[in-house]
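Reading the structure
Chain by chain, the residues:
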Amino acid sequence: MSRNAESTAFRSALEVVRGVEPRVADAIAAELADQRESLKLIASENYASPATLLAMGNWFSDKYAEGTVGRRFYAGCQNVDTVEALAAEHARELFGASHAYVQPHSGIDANLVAFWAILADRVESPALRKAQARQVNDLTEADWFALRRELGNQRMLGMSLDAGGHLTHGFRPNISGKMFDQRSYGTDPATGLIDYDRVAEAAREFKPLILVAGYSAYPRKVNFRIMREIADSVGATFMVDMAHFAGLVAGKVFTGDFDPVPHAHIVTTTTHKSLRGPRGGMVLCGPELADQVDRGCPMVLGGPLPHVMAAKAVALAEARRPGFADYAQRIVDNAQALADGLLRRGATLVTGGTDNHLVLIDVSGYGLTGRQAEQALLDSGIVTNRNSVPQDPNGAWYTSGIRIGTPALTTRGLGAAEMDATAELIHTVLSQTTPGTGPDGAPSKAKYVLDPAVAESVGKQAADLLTPFPLYPAVDLG
Ligand code: PLP
């Protein structure tokens, strides 16, 4: 697409929206301006390509398409079939998976599809078998009762939240924590790393139906070969949620033992983080689970979003181009440059560094909570998010950590020199922020004091850092 075409496309779209509700058009334009100006270090965000964004804004949004390619409950889905088949084909080729299900609307949904598929495959329930053989009318009330009892209360072993696991891996605020009897494995308190012997021990004791690997805030690679051996040793199904690092798998930075696809029975992901696609989810699996996975809609999903599947097809096609591997490698190089820059300036990092796209700063070394640090950085034009650290004394709300990630800034083109400059800005803000007090003079975990002149100066330097790397350079909204 030529630069002119991108500008014309986005300008025209806004003009049409402005004709109906100008405030929405203004908010969309303001969002682009905000994103252009902020130093975005949120590890789970990125900037999708104009082609990916544009593939979403069209009449595919109007179609219902329950079912799967060629087997729909609605008529007239031939074009939806085309984009869904394309997205699945790109996903299979990109990740070397035998089956790809591209309908999930988000990462949570992809995980629910996977949980359902595993339960349906693994739980010995005569009532469930009848239901699946479409003999629903033969099921008595007692059968349904048995089915609910048998499917509920199954065991899941996943990474603990404060070690970097995700809510959807069996934690109480998520439905998975209410469906499953969950136990978690943490990390070694001395190193911050996964201790595979401890995971094996927990698996032997707990005998989970599902062993989950994957994380939102663990800054290291996971050895999926070892995790699979652990799962096999206790007869568990091994599931990997690669939502955060799918881009590193796609770009072949994570290969061999660190590529989940050959080792897991089932892999879930989001498509919008390091993979740089539209907001959405996906499930990859082998033939054994494919039929159950394809029942995702209507089992746990609403009707598929054909416009988003079209955008997934575009983004996955982009990820299959040679340049994506270079992008993925630069994400990791940048994270390491950022980690080195912070360590040289005296910051404490969980695990002492990174080998993926994210860095977790333990801000208690600066005398701050995660919440204070997050806000002080935000005041200074640096967008991050607070996160628990292992055995966090400040809990999940205030936390003691700041999670930073490089997928977005790497998309803009920033490199090692800018990462070092970013480390300097972060260190300046954190070292010059002090904890504040509440109205009664008591120490507060939320209030903080930062000289506005420091925040302003850092904000200006952050903006200067971004100037040579314009976001969506071809898009001029006039
Ligand atoms: N799984 C992991 C590991 C995640 O980090 C996230 C999101 O942060 C999700 C699942 C959920 O993704 P979504 O927000 O798209 O539902």
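Counting from 1, residues in each chain are numbered in the order their sequence is written. Side-chain atom pairs in this predicted model are given and counted only at pLDDT of 80 or more, local residue features only at pLDDT of at least 70, and totals for whole chains, interfaces and linings cover all residues. The basis for every side-chain value is the complete set of non-hydrogen atoms in the structure, without hydrogens or water.

A look at the UniProt feature "site: Plays an important role in substrate specificity" (unreviewed entry) in the protein
- In the numbering used here, UniProt assigns the "site: Plays an important role in substrate specificity" (unreviewed entry) feature to His272.
- Burial classification: accessible surface area is computed with a 1.4 Å probe over protein chains only, and a residue below 20% of its type maximum counts as buried, one above 50% as exposed, and the rest as partly exposed. Judged by its relative accessible area of 11%, His272 falls in the buried class.
- Contact between two residues is taken to exist if any of their heavy atoms lie within 4.5 Å; hydrogens are not considered. With sequence-adjacent residues up to four places away left out, His272 is seen in contact with Ser44, Asn46, Gly277, Pro278, Arg279 and Gly280. UniProt positions are given in the numbering used here, feature names are shortened, and annotations may be inferred rather than shown by experiment.

Overview of the pairing of strand β16 (residues 443-449)
- A pair of strands is labelled paired if DSSP reports no fewer than 2 bridges between them. What counts as a helix is a DSSP run of H or I of at least four residues, what counts as a strand is a run of E of at least two, and both are numbered from the N terminus. Alignment of strand β15 (residues 434-437) against β16, held across three bridges, turns out to be antiparallel. Opposite Pro435, over in β16, you have Tyr448 as the bridge partner.
- Counted between consecutive antiparallel strands, the loop separating β15 from β16 contains five residues, among which Gly441 sits at a positive phi close to 85°.

A word on the domain arrangement of the protein
- Each domain span listed reflects an automatic or database assignment of domains. Entries for the protein in the domain assignment read domain 1 (59-123 + 154-319) and domain 2 (322-466).
- For domain 1 and domain 2, the distance between their C-alpha centres works out to 29 Å.
- With 26 residues of domain 1 at the interface, the matching set in domain 2 holds 26 residues.
- For any pair of parts, buried area is found by adding up, for both, the accessible area (1.4 Å probe) each one loses once the two are put together. Across the domain 1 to domain 2 interface the summed buried area is about 2,100 Å²; carbon plus sulfur atoms make up 58%.
- In this structure, the salt-bridge partner of Asp355 is Arg220, at a minimum N-O distance of 3.4 Å. Think of a salt bridge as a Lys or Arg side-chain nitrogen and an Asp or Glu carboxyl oxygen that are within 4 Å of each other.

Focus on the layout of surface pockets
- Computed over the protein atoms alone on a 1 Å grid, cavities are sets of points where a 1.4 Å probe fits but cannot get out and pockets are open sets with protein on both sides within 12 Å along at least five of seven lines; a residue lines them when it has an atom within 4 Å of a point. Grid points are joined across faces, edges and corners, and a volume is the space filled by probe spheres set on the points. Taken as a whole, the largest pocket holds about 1,200 Å³ of empty space.
- Mapped onto the lining of the largest pocket, the elements with two or more residues apiece are α1 (3-18), α2 (22-37), α3 (50-56) and α5 (107-122).
- In this classification, the charged set is Asp, Glu, Lys and Arg, the nonpolar set is Ala, Val, Leu, Ile, Met, Phe, Trp, Tyr, Cys and Pro, and all remaining amino acids, among them Gly, are polar. Among the residues forming the lining of the largest pocket, the class breakdown is 21 nonpolar, 13 polar and seven charged.
- Approximately 560 Å³ is the volume found for the second largest pocket.
- Those elements that place two or more of their residues in the lining of the second largest pocket are α1, α3, α15 (322-344) and α18 (407-412).
- No other element matches the four residues that α15 contributes to the lining of the second largest pocket.
- Its residues assigned to classes, the lining of the second largest pocket shows 12 nonpolar, four polar and seven charged.

Let's talk about the site of the ligand
- Around the ligand, the surrounding shell consists of Ser106, Gly107, Ile108, His166, Tyr215, Ser216, Asp241, Ala243, His244, Thr270, His272 and Lys273.
- Polar contact criterion, stated in full: a pair of N or O atoms within 3.5 Å, where within protein one must be able to donate a hydrogen and the other to accept it, and residues adjacent in sequence count only if both atoms are side-chain atoms. Contact between the ligand and Ser106: an oxygen atom at 3.1 Å from a side-chain N or O atom of the residue.
- In this structure, His244 approaches the ligand through a side-chain N or O atom, which is 3.5 Å from an oxygen atom.
- Here the Shrake-Rupley method, with its probe set to 1.4 Å, supplies the accessible areas, and only the displayed protein chains count as covering residues. Relative to its unbound accessible area of 390 Å², the ligand is 84% covered by the protein chains.
- Those molecules having more than half of their atoms within 2 Å of a cavity or pocket grid point set are described as sitting in that cavity or pocket. Assessed atom by atom at 2 Å from the grid points, the ligand resides in the largest pocket.
- Classifying every residue of the shell around the ligand gives three nonpolar, seven polar and two charged. Whether a residue is near a molecule or strand depends on its heavy atoms: it is near if one of them lies within 4 Å of it.

Considerations on the packing of aromatic side chains
- Aromatic rings from Phe, Tyr and Trp, with only the six-membered ring used for Trp, were paired whenever their centres fell within 6.5 Å, and each pair was classed as stacked if the ring planes differed by under 30 degrees, edge-to-face if by over 60, and tilted otherwise. The tally for this structure, following the rule as stated, stands at eight aromatic pairs.
- Note on Tyr64 and Tyr74: the rings are 5.1 Å apart at their centroids and 15° apart in plane angle, and the pair reads as stacked. One end of the pair, Tyr64, is in the loop between α3 and β2 (67-68); the other, Tyr74, is in the loop between β3 (71-72) and α4 (78-95), with 10 residues separating them in the sequence.
- Classification of Tyr74 by relative accessible area gives partly exposed; the value is 37%.
- A centroid spacing of 5.4 Å and a plane angle of 70° characterise the contact between Phe115 and Phe180, whose relative ring orientation is edge-to-face. One end of the pair, Phe115, is in helix α5; the other, Phe180, is in strand β6 (residues 180-185), with 65 residues separating them in the sequence.
- By relative accessible area, which is 4% here, Phe180 ends up buried.

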